[in-house]
Amino acid sequence: QVQLVESGGGLVQAGGSLRLSCAASGRTFSTYGMGWFRQTPGKEREFVGAISWSGGTNYADYVKGRFTISRDNAKRTVFLQMDSLKPEDTAVYYCAARPPSGSGRYDVEYAYQYWGQGTQVTVSS
């Protein structure tokens, strides 16, 4: 069982930065791949980026070069550094945990077993 709690959301002006954190419980955290998704009202949740248990990262094209995912296994925490924020980045951001026995996909919701409650990010123009 893995429980996830996001923090760090808030209101920021366009061009600014925010860093989201996702704190995990559970001793097997280091074996899980982790992902970040986001959702706006009326839209489906969309993939933002993912980091493997070994630290390899992948990003959606619309955040590539602006967002960076990292993890600290000792602290059981995953981070999403968001720079050069745009109003269209406004959303509720979720972190999720992907078990090591999964399909290998990292960009789809069904690959993830555990989800946090989400944190709101609002970017003003």
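Q: Any chance you could break down the environment of Gln120 for me, citing the residues and the numbers?
A: Tracing the sequence through the fold places Gln120 in strand β11 (residues 119-124). For the pair Gln120 and Glu6, spaced 114 residues apart in sequence, the C-alpha to C-alpha distance is 9.7 Å. Each residue touching Gln120, except ones within four places of it in the same chain, is listed here: Gly9, Gly10, Thr90, Ala91 and Val92. Within the structure, the side chain of Gln120 is placed 3.3 Å from the side chain of Thr122, a separation counted as a polar contact.

Q: So what about the nonpolar core? Which residues, and what values?
A: By size, the foremost hydrophobic cluster in this structure holds 36 residues, and its most contacted members are Leu4, Met34, Trp36, Leu80, Met82 and Tyr93. When contributions to this core are tallied by element, the ones reaching two or more residues are β3 (18-24), β4 (33-39), β5 (46-51), β7 (67-72), β8 (77-82), β9 (91-98) and β11. Considering every element that reaches this core, the biggest residue donor is β9, with five residues. Not counting residues up to four positions away in its chain, the partners in contact with Leu80 are Leu18, Arg19, Leu20, Trp36, Val48, Phe67, Thr68, Ile69 and Tyr93.

Q: Which residues make up the side chain of Arg38, and what are the values?
A: You can see Arg38 is positioned in strand β4. Reaching out from Arg38, the side chain makes a polar contact with the side chain of Glu46 at a distance of 2.6 Å. Side-chain polar atoms of Arg38 contact the side chain of Tyr93, separated by 3.0 Å. Leaving out residues up to four positions away in the same chain, Arg38 has contacts with Glu44, Arg45, Glu46, Val48, Tyr62, Val63, Phe67, Glu88, Asp89, Ala91, Val92 and Tyr93.

Q: Break down the pattern of salt bridges for me, with residues and values.
A: For side chains of opposite charge, pairing can occur when their charged atoms come near one another. Under the definition given, this model contains six salt bridges. For Arg38, the salt bridge is made with Glu46, and the minimal N-O distance between the two is 2.6 Å. Look at Glu46 and you get partly exposed, because its relative accessible area is 30%. One salt-bridge network, in which partners are shared between bridges, spans Arg38, Glu46, Arg66 and Asp89.

Reading guide: rules and limits
- Residue positions within a chain follow its written sequence, with the count starting from 1.
- Only residues with pLDDT of at least 70 get local features here, since the model is predicted, and only at 80 or more are side-chain atom pairs given and counted; chain-wide, interface and lining totals rely on the full set of residues.
- Each side-chain value is worked out from all heavy atoms of the structure, with water and hydrogens disregarded.
- Numbering of helices and strands runs from the N terminus; a helix is a DSSP stretch of H or I covering at least four residues, while a strand is a stretch of E covering at least two.
- Pairs of residues are marked as contacts when any of their non-hydrogen atoms sit within 4.5 Å.
- We call two N or O atoms a polar contact when they sit within 3.5 Å, provided that within protein one can donate a hydrogen and the other can accept it, with sequence-adjacent residues counted only if both atoms are side-chain atoms.
- Residues belong to a common nonpolar core when they are buried Ala, Val, Leu, Ile, Met, Phe, Trp, Tyr or Cys residues joined through side-chain atoms within 4.5 Å.
- Working definition: with a 1.4 Å probe on protein chains only, accessible area under 20% of the residue-type maximum means buried, over 50% means exposed, and in between means partly exposed.
- For salt bridges, the criterion is a side-chain nitrogen of Lys or Arg within 4 Å of an Asp or Glu carboxyl oxygen.

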